[in-house]
Amino acid sequence: MELSQIRFLNCKSVILQPSCSLAALTMWALSFTISVYITLIARCFVHSSIPGLLEFKNYQREHKDTQSDIIFLLDTSGSLVFGGRNGFTDEKVFVNNLLSYIRVSALSTRVSIITFGTKSKVDINYVSPGIVLPSMHKCNFKRSFANVRFRNGLTNMKGAFNHAFEIIFGILSGNKRPLKQVKTAVFLLTDGYWNEGGNPVGVVKSLKKEGIEIYSIGVTSGINDNVLKQLATDSEHAFHYSSFNQFREMASYLRGGEVIYNDNAFSECLKCIFMTKI
């Protein structure tokens, strides 16, 4: 007897006609298993070949349901615009995708956004707000983040790290949760060296001395590996991408099912799933 029909439904179920033989079913199962293995091997190859992908995926898993504080330092200098492309958009994709697996709320992970061009600016501060509010959840973060705009200018990286220090330890740290209670990390995204505000290495050393985890992410040849390592916790926290195309590819693999969390469980938070604006 021969297999007369196999139909796939949602890639999970199979409908077989009564005339189907055991041998045919075994052959189908074998071919399906082989295809699954090929897919897994291909995925492992991709994950191992893209710089930082495994490390950032591990970060997502380790911080998915924890109390964490994350501060992103995003370069908005004029050099990000090249060939009709704006690398600031790719930086925002990375932030959104990294957070896609992580709960953001006043009781779980809090996030701050600092942008830096000629001047640095705290655009969003959930890490140490003046007042801790239930509305500090991912939906409102995504709405606010969508309104953070590219500003152009020079590269005042030191100003951005100074603002991060103020949020964690300084004049902006009023409602910052204790370091012993929450893991605190800083992510730097840039395409080049600082050319305004001075050398940031001093304040970076102060942050590292206090146990703050720092990831430095550089894109294009505007910055080299040695500098990125100086700005990071260690060499394993420094990542360099040859182009924004390569960086965007890595960021695309971080995207997962949106983890939404609202302390008051407002149904409107579910709208966040459908927000696609960067």
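Residues numbered from 1 in each chain as written. Predicted model: local features only at pLDDT ≥ 70, side-chain atom pairs only at ≥ 80, totals over all residues. Heavy atoms only, no water.

Caption draft 1: Region of the structure containing helix α5 (residues 157-168). In a regular helix each residue adds 1.5 Å, so 12 residues correspond to 16 Å; α5 covers 17 Å between its end C-alpha atoms and thus fits that length. Along α5, the positions that sit buried rather than exposed are Met157, Gly159, Ala160, Phe161, His163, Ala164, Ile167 and Ile168. (Helix = DSSP H or I, 4+ residues; strand = E, 2+ residues; numbered from the N terminus. Expected span 1.5 Å × (residues − 1). Buried < 20%, exposed > 50% of the residue type's maximum accessible area, 1.4 Å probe, protein only.)

Caption draft 2: Local environment of the sheet that holds strand β8 (residues 183-190). Here we have six strands laid out as an open sheet, ordered β7-β6-β3-β8-β9-β10, and mixed in their pairing. The outermost strands of the open sheet, each flanked by one partner alone, are β7 (120-125) and β10 (238-241). Taken pair by pair, the neighbouring strands of this sheet meet at an average axis angle of 15°, ignoring direction. Inspection of the sheet shows strand β9 (residues 213-219) paired to β10 by four bridges, in the parallel sense. Each bridged residue has a counterpart across the sheet, and for Ser216 the counterpart in β10 is Ala238. In the packing of helix α2 (residues 53-63) onto the sheet, the strands contacted are β3 (68-75), β6 (109-116), β8, β9 and β10, and the crossing angle to β8 comes to about 150°. Running at roughly 170° to β3, helix α3 (residues 87-98) makes contact with β3, β6, β8 and β9 of the sheet. (Pairing = 2+ DSSP bridges. Axes fitted to C-alpha atoms, helices over the stretch in contact; angles between N-to-C directions. Contact = heavy atoms within 4.5 Å.)

Caption draft 3: Geometry of the packing of α2 against α3. For the pair α2 and α3, the least separation of the axes is 10 Å and the interaxial angle reads 40°. As judged from the angle between their axes, α2 and α3 are oblique. For the pair α2 and α3, contact is made by Phe56, Tyr59 and Gln60 and by Phe94, Asn97 and Leu98, respectively. By residue class, the composition of the contact of α2 with α3 is four nonpolar, two polar and no charged. (Parallel < 35°, antiparallel > 145°, perpendicular 65-115°, else oblique. Nonpolar A, V, L, I, M, F, W, Y, C, P; charged D, E, K, R; others polar.)

Caption draft 4: Local environment of the nonpolar core. Ranked by internal contacts, the top residues of the largest apolar core, which has 38 residues, are Phe56, Phe72, Phe94 and Phe187. Top contributing element to this core by residue count: α3, with five residues. Here Phe56 is in contact with Phe94, Leu98, Phe187, Tyr215, Ile217, Phe239, Tyr241, Met250 and Leu254, once residues within four sequence places are set aside. If you look at the next biggest cluster of nonpolar residues, it comprises 25 residues, including Val127, Met157, Val227 and Leu228. (Core = buried A, V, L, I, M, F, W, Y, C linked by side-chain atoms within 4.5 Å.)

Caption draft 5: Up close: the packing of α3 against helix α8 (residues 244-252). Two numbers describe how α3 lies on α8: the axes approach to 9 Å, and their chain directions differ by 20°. If you check the angle between α3 and α8, you find them roughly parallel. Considering the relative orientation of α3 and α8, their crossing is left-handed. Of α8, the residues touching α3 (which contributes Gly87, Thr89, Asp90, Glu91, Val93, Phe94 and Asn97) are Phe244, Phe247, Arg248, Met250, Ala251 and Ser252. Grouping the amino acids of the contact of α3 with α8 by side-chain chemistry returns six nonpolar, four polar and three charged. (Left-handed = near helix turned anticlockwise from the far one by under 90°.)

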